[in-house]
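# Breakdown of the fold
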Amino acid sequence: MKILSKGASKLWLAGWLMAFTILSGNSISSETTDIEREYMPNDPKLCLMCHGADSDHPAESVMHSVHGQSSSENTPFSTNQQGCQSCHGPSASHLKLVNGVRPPPAMVFNSDQPAQQRDEVCLDCHQDTAGHYWAGSAHEFSQQGCTSCHTIHQEDDAMKKFVQLNNQCMDCHQRQRAQIMRPSSHPLRSGHMNCIDCHSPHGGPGPAELKAFTLNEQCLDCHAEKRGPFLWEHAPVTEDCSSCHTPHGSNHNALLNARTPFLCQQCHQAAFHPSNQESGTGIPPRGASSNLLGKDCMNCHSQVHGSNHPSGSGLTR
Ligand code: HEC
Ligand code: HEC
Ligand code: HEC
Ligand code: HEC
Ligand code: HEC
Ligand code: HEC
Ligand code: HEC
Ligand code: HEC
Ligand code: HEC
Ligand code: HEC
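Here's what I pulled together on the structure shown here. (Residues numbered from 1 in each chain as written. Chains lettered and ligands numbered in written order. Predicted model: local features only at pLDDT ≥ 70, side-chain atom pairs only at ≥ 80, totals over all residues. Heavy atoms only, no water.)

What follows covers the overall build of the chain. When helices and strands are counted, the chain shows twelve helices and zero strands. Counted from the first residue to the last, the chain has its helices and strands arranged as α-α-α-α-α-α-α-α-α-α-α-α. Relative to its 317 residues, the chain shows a buried fraction of 26%. Across the chain, contacts joining residues at least 24 apart in sequence account for 41% of those joining residues at least 6 apart. When the accessible surface of the chain is totalled, it reaches about 21,500 Å², and 59% of it is carbon and sulfur. (Helix = DSSP H or I, 4+ residues; strand = E, 2+ residues; numbered from the N terminus. Buried < 20%, exposed > 50% of the residue type's maximum accessible area, 1.4 Å probe, protein only. Contact = heavy atoms within 4.5 Å. Areas by Shrake-Rupley, 256 points an atom, 1.4 Å probe, with all protein chains shown as cover.)

Secondary-structure assignment places Pro-229 in the loop between helix H8 (215-222) and helix H9 (235-239). Judged by relative accessible area, Pro-229 falls into the exposed class, the value being 72%. C-alpha separation for the pair Pro-229 and Gly-306, spaced 77 residues apart in sequence, amounts to 8.4 Å.

Attention now moves to the site of ligand 7. Every one of the 14 residues lining ligand 7 counts as a neighbour, but Ser-184, His-186, Cys-219, Cys-222 and His-223 are closest to it. At 3.0 Å, a side-chain N or O of Ser-184 approaches an oxygen atom of ligand 7. Within the side chain of His-223, an N or O atom sits 2.8 Å from a nitrogen atom of ligand 7. Its residues assigned to classes, the shell around ligand 7 shows eight nonpolar, five polar and one charged. (Near = heavy atom within 4 Å. Polar contact = N/O pair within 3.5 Å; in protein donor to acceptor, adjacent residues only side chain to side chain. Nonpolar A, V, L, I, M, F, W, Y, C, P; charged D, E, K, R; others polar.)

This paragraph deals with the coordination of the iron atom of ligand 2. Taken together, His-88 (NE2) and His-153 (NE2) make up the protein donors of the iron atom of ligand 2, found 2.0 to 2.1 Å from the metal. Coordination at the iron atom of ligand 2 comes from six donor atoms whose angles at the metal span 87 to 178 degrees, giving a geometry best classed as octahedral. One end of the pair, His-88, is in helix H3 (residues 85-88); the other, His-153, is in the loop between helix H5 (138-141) and helix H6 (162-172), and 65 residues separate them in sequence. (Donors = N, O, S within 2.8 Å, 3.2 Å for Na, K, Ca; no water. Tetrahedral: all angles 85-135°; square planar, octahedral: opposite > 155°, others 65-115°.)

Taken together, the protein ligands of the iron atom of ligand 6 are His-139 (NE2) and His-173 (NE2), with distances of 2.0 Å. The site at the iron atom of ligand 6 holds six donor atoms, and with the angles between them running 87 to 179 degrees, its shape is octahedral. Taken as a pair, His-139 in helix H5 and His-173 in the loop between H6 and helix H7 (174-179) lie far apart in primary sequence, 34 residues in all. Relative accessible area serves as the criterion here: at 27%, His-139 is assigned to the partly exposed category.

For Ser-78, the position within the fold is in the loop between helix H2 (44-51) and H3. A distance of 2.9 Å separates the side chain of Ser-78 from the side chain of Asn-80, its partner in a polar contact. Residues in contact with Ser-78, not counting those within four places in the same chain, are Asn-42, Ser-70, Ser-72 and Glu-73.

Our focus in this paragraph is unusual backbone geometry. A negative phi angle is the norm for most residues apart from glycine, just as the trans form is the norm for most peptide bonds. Put simply, Gly-228 and Pro-229 share a cis peptide bond, and its omega is 5 degrees. For Glu-209, which is not glycine, the phi dihedral falls at a positive 55 degrees. With respect to the helices and strands, the residue Glu-209 is situated in the loop between H7 and H8. Despite not being glycine, Ala-254 has its phi angle at roughly 50 degrees, a positive value. Looking at where Ala-254 falls in the secondary structure, it is placed in the loop between H9 and helix H10 (262-265). A relative accessible area of 44% places Ala-254 in the partly exposed class.

A separate point is the environment of Asn-251. Its location among the elements puts Asn-251 in the loop between H9 and H10. Separated by 69 residues in the primary sequence, Asn-251 and Arg-182 have C-alpha atoms spaced 5.6 Å apart. For Asn-251, the residues in contact, after removing those within four places along its chain, are Arg-182 and Pro-183.

Here is the structure:
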């Protein structure tokens, strides 16, 4: 009778576990369903016994990082938290062998666990700083979770070392690595500027995860002298700096998309004066076309970003 009821209750438990696994869409594999997920005390020493500096899987360095500070509030090691288990989840069963196998902690941050599930651990504490635009951002959408950039088990987080930062971004963004090597670029190569001067790694309100709401706002943040309003404005400037400039690097001077006059002629094909520079008729002694000899549009239309001169309607002064 007693034996029967024990067996029955085991069946009952297995049934529930199965139902729970199916209903919750949980990805815990079948071998681990019968592991009881319980927290052990918040004492890193219990983990570092096996994960000390000399072990095969060292983890001690995390204690020297920001997360290891137990004095500041709400770090994983403050008294109201679970220590290593704040990130790795309930780990009591990890301490003993079950049938010769050591069940891993609930969260090991490897690719078997969906990025979203991994990120939730971090967002539990960082919703306010990193979570604002995270959902639906390019990195979230493409499964590049928090730990594709942040290195939790290093004393200094990789993202805090600004010289390294650009390189780490460009490890994945090879096209930008090529672009910033071009003759004209923002000072990204030297590390005087960073990718995150313009982009928000956690997702931003603007296009291409820019920190500002629009591309122009982003540029004008630093190039305020181009903001205007001008007495005489040049429509493409107020509309979109990228109609003439490219942000990461260009083979033409001043980060231009094309050389002048070709740049200008993309939009001004039939200007008030002949914009075709190639005609031979304006060459002395057959005549002298100032438009031709003046060569570049910029020699006359120097105020291409806008003019405040009373007679600057042609952007010439
Ligand atoms: C009794 C020794 C021991 C203790 C105590 C211990 N671990 Fe481990 N841990 C191991 C061993 C051994 C491995 C390697 C397992 C393997 O290779 O399958 C490991 C692996 C891990 C891994 C990597 C798992 C994976 O699959 O990649 C994590 C994360 C981990 N331990 C976290 C912890 C945490 C957190 C604690 C404290 C709550 C802890 N460990 C306590 C022995 C221990
Ligand atoms: C703030 C979150 C966080 C805390 C706290 C934390 N870890 Fe980790 N741990 C991670 C992440 C994320 C990884 C995945 C690898 C990486 O990104 O560095 C990891 C990986 C590991 C690994 C696998 C390393 C390997 O060589 O494969 C072990 C072991 C481990 N942690 C043990 C611990 C122990 C022990 C503690 C407590 C002393 C601890 N962790 C505290 C987030 C954390
Ligand atoms: C239990 C809460 C908690 C968890 C879980 C947690 N963090 Fe933190 N984290 C903190 C606290 C507290 C700080 C201290 C900085 C502060 O004042 O905000 C911090 C700081 C940081 C910093 C700033 C690093 C620096 O050098 O200034 C980064 C980046 C970070 N966490 C990323 C992560 C990532 C990624 C994860 C998930 C793997 C994670 N955190 C999990 C509480 C947590
Ligand atoms: C594409 C790379 C990248 C990804 C992905 C990423 N971060 Fe960051 N994170 C950064 C960079 C770069 C900084 C440094 C920003 C700064 O100092 O202004 C940073 C800063 C932080 C900080 C410190 C913020 C502060 O104001 O001090 C926290 C906390 C943080 N990240 C948490 C997270 C969490 C949580 C996730 C996942 C939801 C995440 N990060 C994903 C690159 C990334
Ligand atoms: C001066 C501001 C600025 C800096 C610095 C900057 N970007 Fe951009 N980035 C932009 C703008 C603006 C766009 C949108 C381009 C467009 O729509 O024409 C963009 C677009 C992108 C895109 C989307 C792909 C594309 O070409 O449209 C990626 C990826 C990117 N940047 C990565 C980076 C990386 C990596 C760095 C650091 C090496 C970086 N950016 C530095 C302004 C900047
Ligand atoms: C682990 C690889 C990885 C790292 C590291 C990484 N990214 Fe990305 N990033 C991606 C992927 C994948 C996408 C989405 C596909 C795409 O647009 O290229 C993306 C998208 C972007 C976009 C948006 C592109 C668009 O079209 O809207 C920007 C901007 C960007 N990343 C900037 C950065 C910056 C800045 C850093 C460094 C702080 C960084 N990334 C680090 C992989 C990475
Ligand atoms: C974080 C500040 C910052 C932002 C944002 C910024 N720039 Fe710059 N820009 C600079 C700095 C710094 C230089 C280099 C000035 C120098 O070398 O004297 C520069 C130089 C330039 C140059 C001249 C390059 C050359 O080779 O002469 C152009 C053109 C330019 N930026 C356009 C833009 C555009 C377009 C945007 C918006 C997509 C933008 N900038 C956003 C800081 C910024
Ligand atoms: C109609 C094309 C066009 C548009 C749109 C445009 N620019 Fe320019 N920009 C130029 C040209 C051409 C030069 C080169 C000037 C020279 O060679 O003297 C230049 C040069 C620059 C320079 C470097 C030299 C200087 O004058 O300081 C900066 C910075 C700059 N532009 C920023 C911007 C910003 C910010 C925007 C958007 C608000 C913008 N540009 C929109 C055509 C344009
Ligand atoms: C993306 C398209 C575009 C590009 C590229 C462009 N412009 Fe313009 N430009 C315009 C538009 C639109 C107007 C306004 C036309 C109107 O109001 O009828 C304009 C007006 C002008 C005017 C006349 C202002 C007036 O009072 O009518 C001049 C001069 C001018 N552009 C010069 C240039 C020069 C020089 C360049 C090259 C550095 C250039 N533009 C590149 C679109 C462009
Ligand atoms: C030798 C000087 C000179 C050169 C070179 C020059 N322009 Fe002009 N452009 C002028 C003058 C002068 C005006 C009349 C300005 C005014 O009304 O104040 C003018 C007017 C314009 C206008 C306004 C037309 C209208 O209907 O009001 C446009 C657009 C223009 N130029 C585009 C260009 C482009 C594009 C180039 C290069 C392919 C160029 N210009 C080269 C001197 C020049």
